[in-house]
Amino acid sequence: MKVQSIRGFNDVLPADSALWQHLFDTARNLFEAYGYREMRIPVVESIALFKRAVGEVTDVVEKEMYAFEDRGGEHIALRPEFTAGVVRAGIEHGLFHNQQQRVWCAGPVFRYERPQAGRYRQFHQLNVEAYGIPGPDVDVELIAMTARLWKALGFRNLRLELNSLGGPETRTRYRAALVGFLSRHEASLDEDSRKRLQTNPLRVLDSKVPATQSIVKDAPSILDYLDADSAAHLDGLRQGLSDLDIAHHVNPRLVRGLDYYTKGVFEWITSELGAQGTICAGGRYDGLVEQLGGSPTPAVGWAAGVERLILLLQKLGTAPLAAEADVYVCCFGEQGERAGLALAEAARDALGQKARVALNVGGGKPGAQFKRADKSGARVALAIGDDEVAAGTVQVKFLREDRPQVAATRSELAALLASLFPPKHA
Ligand code: ATP
Ligand code: MG
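Counting of residues starts from 1 at the beginning of each chain's written sequence and follows it residue by residue. Chains carry letters from A onward and ligands carry numbers from 1 onward, assigned in written order. For a predicted model such as this one, the threshold for reporting local features is a pLDDT of at least 70, and the threshold for listing and counting side-chain atom pairs is 80 or more; totals across whole chains, interfaces and linings nevertheless cover every residue. The basis for the side-chain values is all heavy atoms of the structure; hydrogens and waters are excluded.

Trainee: Residues and numbers for the side chain of Gln125, please.
Mentor: Counting from the N terminus, the helices are the DSSP runs of H or I reaching at least four residues and the strands are the DSSP runs of E reaching at least two. Mapped onto the elements, Gln125 comes out in strand β6 (residues 122-131). Relative accessibility decides the category of a residue: with a 1.4 Å probe and only protein chains considered, values under 20% of the type maximum give buried, values over 50% give exposed, and everything between is partly exposed. The buried category is assigned to Gln125, whose relative accessible area is 8%. Should any heavy atoms of two residues lie within 4.5 Å, those residues are considered in contact. In contact with Gln125, not counting residues within four places along its chain, are Glu81, Phe82, Cys105, Ala106, Gly107, Val109, Arg111, Ala303, Ala304 and Val306.

Trainee: Quick one: what's the story with the nonpolar core, residue by residue and with numbers?
Mentor: Judged by nonpolar contacts, the single largest core of 46 residues is most densely connected at Tyr131 and Leu182. Looking at this core, the elements with two or more residues in it are α2 (47-54), α3 (59-62), α4 (83-92), β5 (101-110), β6, α6 (168-184), α8 (210-216) and α10 (288-291). No other element matches the five residues that α2 contributes to this core. Other than its neighbours up to four places away in sequence, Leu182 contacts Leu189, Leu197, Pro201, Val204 and Val216. By nonpolar core is meant a set of buried Ala, Val, Leu, Ile, Met, Phe, Trp, Tyr and Cys residues that side-chain atoms within 4.5 Å join together. Grouped together as the second largest cluster of nonpolar side chains are 41 residues, Leu23, Leu126, Met145 and Ile310 included.

Trainee: With reference to specific residues and values, describe α4.
Mentor: In terms of residue burial, α4 counts as a mostly covered element, since seven of its ten residues are buried. Of the positions making up α4, those classed as buried are Thr83, Ala84, Gly85, Val86, Val87, Ala89 and Gly90. Against the buried residues of α4 lie β2 (44-46), α2, β5, β6 and α10.

Trainee: Break down the sheet that holds strand β1 (residues 37-38) for me, with residues and values.
Mentor: Pairing between two strands is assigned when DSSP locates at least 2 bridges connecting them. Across the sheet, eight strands lie side by side as β1-β5-β6-β11-β10-β9-β7-β8; this open sheet has mixed pairing. Two strands in the sheet have a free side with no partner beyond their single neighbour: β1 and β8 (249-250). Think of each axis as a best-fit line through the C-alpha atoms, taken over the contacting stretch in the case of a helix, with angles from 0 to 180 degrees between the N-to-C directions. Together, β5 and β6 form the strand contacts of α4, whose direction differs from that of β6 by roughly 45°. Those strands touched by helix α5 (residues 137-153) are β5, β6, β7 (159-164), β9 (262-269), β10 (278-284) and β11 (299-305), and its axis lies near 20° from that of β11.

Listed below in structure tokens is the structure:
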């Protein structure tokens, strides 16, 4: 039997991991530079948490959750998103009592969806959240952070869409108006939307079915129903973004797939990835902490889909070279092969984190070893054979520049390597 991966679950192979590392390093440095700190939470939580946080009648909970009973009869689910778990952990550890928290998480999440380009069953999110701050200043900060991330990754031509989902009062009034409107067109709605009309009418606005979309475009706008507090929040958010020259568009049909959102919500959209164009989405969820048993705590955050960011990076062709090594150690002959291990260790001592050192293992003729050195992407090859062992030297061969090969003693070598690979952040 041939063992295969599960549908919708992907491998990241060595040739692609440099791009993933580039993305995660860039994101982590940026989050920390804004004063956000990492939080790591379990991949599984109780099903009840996601039902209560995300909402019983959302696609995520109804159709997409990996939920099962463990051997002890516990009802658990693989996390479909981070926020529910962060709130659970925050309440459990008392992080929300009269405090502000700015946190980020990154890792895999799971949704049982139909796999296609940019949509998988295991995917990864970068997730950033701020608790205890009513905004809109912190909402602007969070969006500015995304804008800076796109810039650092070389993305252009992204579209930022905003909307407000109001507070509970807005939602009740708007819901009634929307249901009234949609009911008059019920016969023309797709089946899913007709069901949603009863359970979660705002989600109809998000339908991807063309016939439903053409009805929805004439639906009442939630912006006409906003309570004063939500309207002021949206104004503040727009003003703050304009002050930072972050272009944005208000889209009154923008809704989110998770029920906990209130007030300002947003999405970053690219036209380069077809139907899976939303690379980042977020907004405010002021009611969630209290809803899950904590004290009332305003909150706002966003999540970006890592696989979609990787697809964009690949499209841009900014993929960093997936080189294996900076320095490649070739070793020949019995004495040389024994000395190779120590030479590679000495090179690592001299270089620290500044460069990667790969040792030729498994022997091979000089020609084959230098070929591997070249393929590794290394800048220099260090070669040691029985003659060099006897002389106490190493041959340094430059693989990428027109520079003569030199013989160096051990102490000369350390100085040479240090000059070839200066500290990265100097
Ligand atoms: P979509 O409308 O594309 O289903 P969503 O509203 O369900 O997205 P969120 O829950 O807001 O998505 O998740 C945040 C981000 O995670 C999305 O903007 C997207 O970039 C990414 N994402 C969501 N679902 C998937 C998936 N199945 N595979 C890959 N990335 C995903
Ligand atoms: Mg979805």
